[in-house]
Amino acid sequence: MVRRIYNDYLNGKGPNRIAKELEEERVPNWNGKAKWYESSIQKMLSNEKYKGDALLQKTYTVDFLSKKRVVNNGEVPRYYVEESHPPIIDKEIWEAVQLEKERRRAFAEKHQIQKIDYASGDHPFAGRVICGNCGKAYGRKVWNSPDENLRRVIWRCNSKYQTKGQIGCDSRHINDKLLYSAFVNTYNVIVENKDYFMKKWTE
Ligand SMILES: [Zn+2]
(Lines give C-alpha, C1' and ligand atoms only; values in the text may rest on other atoms or scores of the structure.)
Protein backbone atom coordinates (compact mmCIF):
# COMPACT_ATOMS: atom_id res chain seq x y z
CA MET A 1 0.00 0.00 0.00
CA VAL A 2 2.83 2.39 0.84
CA ARG A 3 4.46 1.72 -2.53
CA ARG A 4 1.17 2.23 -4.30
CA ILE A 5 0.60 5.56 -2.55
CA TYR A 6 4.07 6.79 -3.56
CA ASN A 7 3.50 5.65 -7.17
CA ASP A 8 0.04 7.18 -7.35
CA TYR A 9 1.47 10.47 -6.20
CA LEU A 10 4.25 10.43 -8.79
CA ASN A 11 1.68 9.52 -11.43
CA GLY A 12 -0.11 12.78 -10.76
CA LYS A 13 -2.73 11.97 -8.16
CA GLY A 14 -3.25 14.35 -5.28
CA PRO A 15 -3.38 13.12 -1.65
CA ASN A 16 -7.10 13.82 -1.58
CA ARG A 17 -7.83 11.53 -4.53
CA ILE A 18 -5.49 8.82 -3.20
CA ALA A 19 -7.38 8.81 0.12
CA LYS A 20 -10.74 8.71 -1.66
CA GLU A 21 -9.73 5.79 -3.89
CA LEU A 22 -8.40 3.75 -0.95
CA GLU A 23 -11.72 4.25 0.84
CA GLU A 24 -13.70 3.29 -2.25
CA GLU A 25 -11.69 0.06 -2.46
CA ARG A 26 -12.26 -0.58 1.26
CA VAL A 27 -8.53 -0.80 1.92
CA PRO A 28 -7.91 -1.01 5.67
CA ASN A 29 -5.61 1.58 7.28
CA TRP A 30 -3.12 0.93 10.11
CA ASN A 31 -6.11 0.79 12.45
CA GLY A 32 -7.92 -1.87 10.43
CA LYS A 33 -10.61 0.57 9.29
CA ALA A 34 -11.27 1.65 5.71
CA LYS A 35 -10.85 5.31 6.59
CA TRP A 36 -8.19 7.48 4.91
CA TYR A 37 -7.48 11.17 5.28
CA GLU A 38 -5.72 13.53 2.95
CA SER A 39 -3.54 14.64 5.86
CA SER A 40 -2.40 11.10 6.68
CA ILE A 41 -1.46 10.50 3.02
CA GLN A 42 0.52 13.72 3.11
CA LYS A 43 2.34 12.60 6.25
CA MET A 44 3.05 9.19 4.72
CA LEU A 45 4.57 10.87 1.67
CA SER A 46 7.20 12.60 3.78
CA ASN A 47 7.83 9.94 6.40
CA GLU A 48 11.52 9.05 6.31
CA LYS A 49 10.81 5.62 7.88
CA TYR A 50 9.67 4.31 4.51
CA LYS A 51 13.11 4.84 3.00
CA GLY A 52 14.74 3.02 5.86
CA ASP A 53 15.83 6.04 7.90
CA ALA A 54 14.63 7.06 11.32
CA LEU A 55 14.33 10.37 13.08
CA LEU A 56 14.48 9.50 16.74
CA GLN A 57 12.79 11.47 19.49
CA LYS A 58 10.23 13.20 17.28
CA THR A 59 8.22 13.14 20.49
CA TYR A 60 9.43 12.68 24.03
CA THR A 61 8.01 11.65 27.38
CA VAL A 62 7.32 14.51 29.78
CA ASP A 63 5.73 12.48 32.53
CA PHE A 64 6.92 8.94 33.14
CA LEU A 65 3.96 8.11 35.39
CA SER A 66 1.26 9.04 32.90
CA LYS A 67 3.56 8.29 29.94
CA LYS A 68 2.48 11.59 28.41
CA ARG A 69 4.44 12.42 25.26
CA VAL A 70 4.74 15.77 23.48
CA VAL A 71 6.23 16.88 20.17
CA ASN A 72 9.92 17.58 20.45
CA ASN A 73 10.53 21.11 19.20
CA GLY A 74 14.16 21.03 20.13
CA GLU A 75 13.76 20.66 23.91
CA VAL A 76 15.63 17.36 23.81
CA PRO A 77 18.08 16.15 21.13
CA ARG A 78 16.84 14.49 17.95
CA TYR A 79 18.88 11.89 16.11
CA TYR A 80 18.67 11.07 12.44
CA VAL A 81 19.68 7.49 11.69
CA GLU A 82 20.25 6.50 8.08
CA GLU A 83 19.50 2.95 6.99
CA SER A 84 18.22 1.96 10.40
CA HIS A 85 15.90 -0.70 8.94
CA PRO A 86 14.99 -2.27 5.55
CA PRO A 87 13.25 0.29 3.33
CA ILE A 88 9.83 -0.07 1.70
CA ILE A 89 10.47 2.76 -0.74
CA ASP A 90 13.66 3.15 -2.78
CA LYS A 91 15.60 6.26 -1.81
CA GLU A 92 15.34 7.63 -5.38
CA ILE A 93 11.54 7.29 -5.38
CA TRP A 94 11.33 8.84 -1.94
CA GLU A 95 13.47 11.80 -3.01
CA ALA A 96 11.48 12.14 -6.25
CA VAL A 97 8.28 12.43 -4.19
CA GLN A 98 9.85 15.18 -2.07
CA LEU A 99 10.91 17.09 -5.19
CA GLU A 100 7.46 16.67 -6.71
CA LYS A 101 5.82 17.88 -3.48
CA GLU A 102 7.96 20.99 -3.55
CA ARG A 103 7.29 21.50 -7.27
CA ARG A 104 3.52 21.24 -6.77
CA ARG A 105 3.65 23.52 -3.75
CA ALA A 106 5.48 26.24 -5.70
CA PHE A 107 3.23 25.71 -8.72
CA ALA A 108 0.05 25.94 -6.64
CA GLU A 109 1.32 29.11 -5.04
CA LYS A 110 2.18 30.69 -8.38
CA HIS A 111 -1.17 29.85 -9.97
CA GLN A 112 -3.15 30.18 -6.74
CA ILE A 113 -4.62 26.70 -6.94
CA GLN A 114 -5.73 24.96 -3.77
CA LYS A 115 -5.12 21.36 -4.76
CA ILE A 116 -3.10 19.83 -7.51
CA ASP A 117 -4.44 16.61 -8.92
CA TYR A 118 -3.53 15.74 -12.48
CA ALA A 119 -4.65 12.16 -12.85
CA SER A 120 -7.67 11.45 -14.98
CA GLY A 121 -8.31 8.33 -17.00
CA ASP A 122 -5.71 5.88 -18.16
CA HIS A 123 -4.54 7.54 -21.36
CA PRO A 124 -0.73 7.91 -21.25
CA PHE A 125 -1.03 11.68 -21.64
CA ALA A 126 -3.86 12.07 -19.13
CA GLY A 127 -2.72 14.26 -16.28
CA ARG A 128 0.64 14.94 -17.91
CA VAL A 129 -0.16 17.87 -20.12
CA ILE A 130 -0.35 20.86 -17.82
CA CYS A 131 -1.74 24.24 -18.83
CA GLY A 132 0.97 26.89 -18.75
CA ASN A 133 -1.68 29.55 -18.35
CA CYS A 134 -3.67 28.35 -15.32
CA GLY A 135 -1.92 25.20 -14.06
CA LYS A 136 -4.79 22.74 -14.61
CA ALA A 137 -4.43 19.50 -16.56
CA TYR A 138 -5.38 19.19 -20.22
CA GLY A 139 -8.14 16.73 -21.11
CA ARG A 140 -8.69 14.72 -24.28
CA LYS A 141 -11.70 15.68 -26.40
CA VAL A 142 -13.05 14.29 -29.63
CA TRP A 143 -14.36 16.83 -32.09
CA ASN A 144 -17.06 14.94 -33.91
CA SER A 145 -18.22 15.61 -37.40
CA PRO A 146 -20.29 13.68 -39.93
CA ASP A 147 -17.38 14.25 -42.28
CA GLU A 148 -14.68 11.81 -41.20
CA ASN A 149 -11.93 14.11 -42.49
CA LEU A 150 -13.01 16.79 -40.06
CA ARG A 151 -13.20 14.48 -37.06
CA ARG A 152 -10.24 15.01 -34.79
CA VAL A 153 -8.90 14.52 -31.33
CA ILE A 154 -7.64 17.50 -29.40
CA TRP A 155 -6.39 18.29 -25.92
CA ARG A 156 -7.54 21.35 -24.09
CA CYS A 157 -7.33 22.89 -20.66
CA ASN A 158 -9.92 21.37 -18.31
CA SER A 159 -10.80 24.80 -16.93
CA LYS A 160 -11.40 26.31 -20.37
CA TYR A 161 -15.17 25.85 -20.28
CA GLN A 162 -15.61 25.00 -16.60
CA THR A 163 -18.62 27.29 -16.35
CA LYS A 164 -21.06 27.03 -19.21
CA GLY A 165 -21.00 29.95 -21.60
CA GLN A 166 -17.91 31.40 -19.99
CA ILE A 167 -14.28 31.06 -20.93
CA GLY A 168 -12.42 30.04 -17.78
CA CYS A 169 -8.97 29.85 -19.34
CA ASP A 170 -8.00 31.30 -22.70
CA SER A 171 -5.23 28.83 -23.51
CA ARG A 172 -5.22 27.16 -26.93
CA HIS A 173 -6.07 23.54 -27.65
CA ILE A 174 -3.45 21.11 -28.98
CA ASN A 175 -4.00 18.69 -31.82
CA ASP A 176 -3.54 15.07 -30.71
CA LYS A 177 -1.10 14.30 -33.55
CA LEU A 178 0.98 17.36 -32.72
CA LEU A 179 1.15 16.31 -29.10
CA TYR A 180 2.39 12.86 -30.12
CA SER A 181 5.14 14.24 -32.32
CA ALA A 182 6.12 16.79 -29.66
CA PHE A 183 6.43 13.95 -27.15
CA VAL A 184 8.47 11.77 -29.51
CA ASN A 185 10.78 14.67 -30.38
CA THR A 186 11.37 15.52 -26.74
CA TYR A 187 11.89 11.88 -25.82
CA ASN A 188 14.45 11.45 -28.60
CA VAL A 189 16.32 14.56 -27.51
CA ILE A 190 16.56 13.10 -24.01
CA VAL A 191 17.77 9.72 -25.27
CA GLU A 192 20.35 11.34 -27.57
CA ASN A 193 21.65 13.45 -24.70
CA LYS A 194 21.25 10.89 -21.99
CA ASP A 195 24.68 11.49 -20.45
CA TYR A 196 23.80 15.12 -19.85
CA PHE A 197 20.36 14.33 -18.43
CA MET A 198 21.56 11.46 -16.23
CA LYS A 199 24.12 13.80 -14.70
CA LYS A 200 21.41 16.38 -14.00
CA TRP A 201 19.04 13.81 -12.52
CA THR A 202 21.73 12.33 -10.33
CA GLU A 203 22.39 15.82 -8.98
ZN1 LIG B 1 -5.72 26.66 -18.42
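Residues numbered from 1 in each chain as written. Predicted model: local features only at pLDDT ≥ 70, side-chain atom pairs only at ≥ 80, totals over all residues. Heavy atoms only, no water.

(A) Representation of the coordination of the zinc ion in the model. Surrounding the zinc ion are the protein donor atoms C131 (SG), C134 (SG), C157 (SG) and C169 (SG), which sit 2.2 to 2.4 Å from the metal. For the zinc ion, the four donor atoms are set out with angles of 95 to 117° between them, so the coordination reads as tetrahedral. Here the donor residues of the zinc ion share one chain and are spaced in sequence as C-x2-C-x22-C-x11-C. Here the residue C131 occupies a position in the loop between α4 (91-111) and β5 (138-143), and C157 occupies one in strand β6 (residues 152-157), the gap between them amounting to 26 residues. C157 carries the same exposure label as C131, and that label is buried. (Donors = N, O, S within 2.8 Å, 3.2 Å for Na, K, Ca; no water. Tetrahedral: all angles 85-135°; square planar, octahedral: opposite > 155°, others 65-115°. Helix = DSSP H or I, 4+ residues; strand = E, 2+ residues; numbered from the N terminus. Buried < 20%, exposed > 50% of the residue type's maximum accessible area, 1.4 Å probe, protein only.)

(B) Summary view of the pairing of strand β2 (residues 59-63). Where β2 meets strand β3 (residues 68-71), four bridges bridge the pair, whose relative direction is antiparallel. Along β3, the bridge assignment pairs T61 with R69. Counting the residues between successive antiparallel strands, the hairpin from β2 to β3 contains four residues, one of them, K67, with a positive phi of roughly 60°. (Pairing = 2+ DSSP bridges.)

(C) Looking closely at the side chain of D8. Among the structural elements, D8 can be located in helix α1 (residues 2-10). D8 gets classed as buried once you look at its relative accessible area, which sits at 12%. The residues contacting D8, other than those within four sequence positions of it, are K13, I18 and E21. (Contact = heavy atoms within 4.5 Å.)

(D) Inspection of helix α2 (residues 15-24) at higher detail. Of all the positions in α2, only P15, I18, A19, E21 and L22 are classed as buried. Seen end-on, α2 carries its buried residues on one side only, within an arc spanning 165°. Along α2, the residues that are exposed and aim more than 90 degrees away from the buried face are K20 and E24. Just past α2, the residue R26 takes up positive phi, approximately 55°. (Arc of directions from axis to C-beta.)

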